[in-house]
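# Residue-level structural notes
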Amino acid sequence: MSRLVPALAALALAAGIALAASPDTHFERAGQAWGAGDRDRALKEYDAALQTGGESAVIRHNRAILFLELNDAATARDEARRAVDLAPKEGRYRTTLAAAWMAGAKPENRKAKGILKGAVRLLGAARDHVGLARAYYNLGLVARRLGDLDEARRDLRLALDHDPANEAVKVALESLETKPAGR
């Protein structure tokens, strides 16, 4: 039987019949393409994974991040919303949804703040320190955009509590340390 599968695959290829790849194969290919910087190919592979395997929160989440990298905030929001709808207790997906609301020509910082507060509750319950660091970092950015420098400092310090080696958080916090306290 073990010889039959390769023989059938060779016969199908010789006849010009393409064998469908599994959703996992497409997912792996998407990750490889993304890692190589080929975002278009990564999106095509994620599309193929969705077509062959059905809806997936992790694929929708990854697509949201890709669309953020491509500066397409509206599509990123749609993809992140689908990920959250499919896995409502996954705090990291909510953090990505908030980041999508923070992006684009018309950022919705107050909406992002509310989403991030919900993400913090879920991530805290899951004891996800990396996820908490990201959520607090984004909360710090939102607070800064909204003009509340004290809250921004507090959130960035909380981010550092969860990820002390995070250079982006350190830089953001240092930039606020030179500004006067208050709004």
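Computed from a predicted model, the values in this text were never measured in an experiment. (Residues numbered from 1 in each chain as written. Predicted model: local features only at pLDDT ≥ 70, side-chain atom pairs only at ≥ 80, totals over all residues. Heavy atoms only, no water.)

So, on to the packing of aromatic side chains. One pass over the structure, following the stated rule, counts two aromatic pairs. Ring centres 6.5 Å apart and planes at 85° place the aromatic pair Trp34 and Tyr46 in the edge-to-face group. One end of the pair, Trp34, is in helix H2 (residues 23-35); the other, Tyr46, is in helix H3 (residues 39-53), and 12 residues separate them in sequence. Accessibility expressed as a relative area gives 2% for Tyr46, which makes it buried. Through a chain of ring-to-ring contacts, three or more aromatic side chains come together here, namely Phe27, Trp34 and Tyr46. Sitting over the ring of Trp101, Arg77 keeps its end group 4.5 Å from the ring centre. We note Lys111 situated over the ring of Trp101; from NZ or CZ to the ring centre the distance is 5.0 Å. (Phe/Tyr/Trp six-rings, centres within 6.5 Å; stacked < 30°, edge-to-face > 60°. Helix = DSSP H or I, 4+ residues; strand = E, 2+ residues; numbered from the N terminus. Buried < 20%, exposed > 50% of the residue type's maximum accessible area, 1.4 Å probe, protein only. Lys NZ or Arg CZ within 6 Å of the ring centre and 35° of its normal.)

Here we take up unusual backbone geometry. A negative phi angle is the norm for most residues apart from glycine, just as the trans form is the norm for most peptide bonds. Phi is positive for Asn71, which is not a glycine, with a value near 60°. Looking at where Asn71 falls in the secondary structure, it is placed in the loop between helix H4 (57-69) and helix H5 (73-86). By relative accessible area, Asn71 is classed as exposed at 72%. The backbone of Arg127 shows a phi angle near 55°, a positive value even though the residue is not glycine. Mapped onto the secondary structure, Arg127 falls in the loop between helix H7 (109-126) and helix H8 (129-145). Note on Arg127: relative accessible area 69%, which makes it exposed.

A full pass over the atoms with the stated rule returns 14 salt bridges. Close ionic contact of Glu79 with Arg60 constitutes a salt bridge, the shortest N to O distance being 3.1 Å. Pair noted here: Glu79 is in helix H5 and Arg60 is in helix H4, with a separation of 19 residues, a long-range link. For the pair Glu79 and Arg60, one class covers both residues: buried. For Arg81, the salt bridge goes to Asp85, with nearest N and O atoms at 3.6 Å. Linking Arg81 with Asp85, this pair stays in helix H5, spanning four residues, or about one helical turn. (Salt bridge = Lys/Arg side-chain N within 4 Å of Asp/Glu carboxyl O.)

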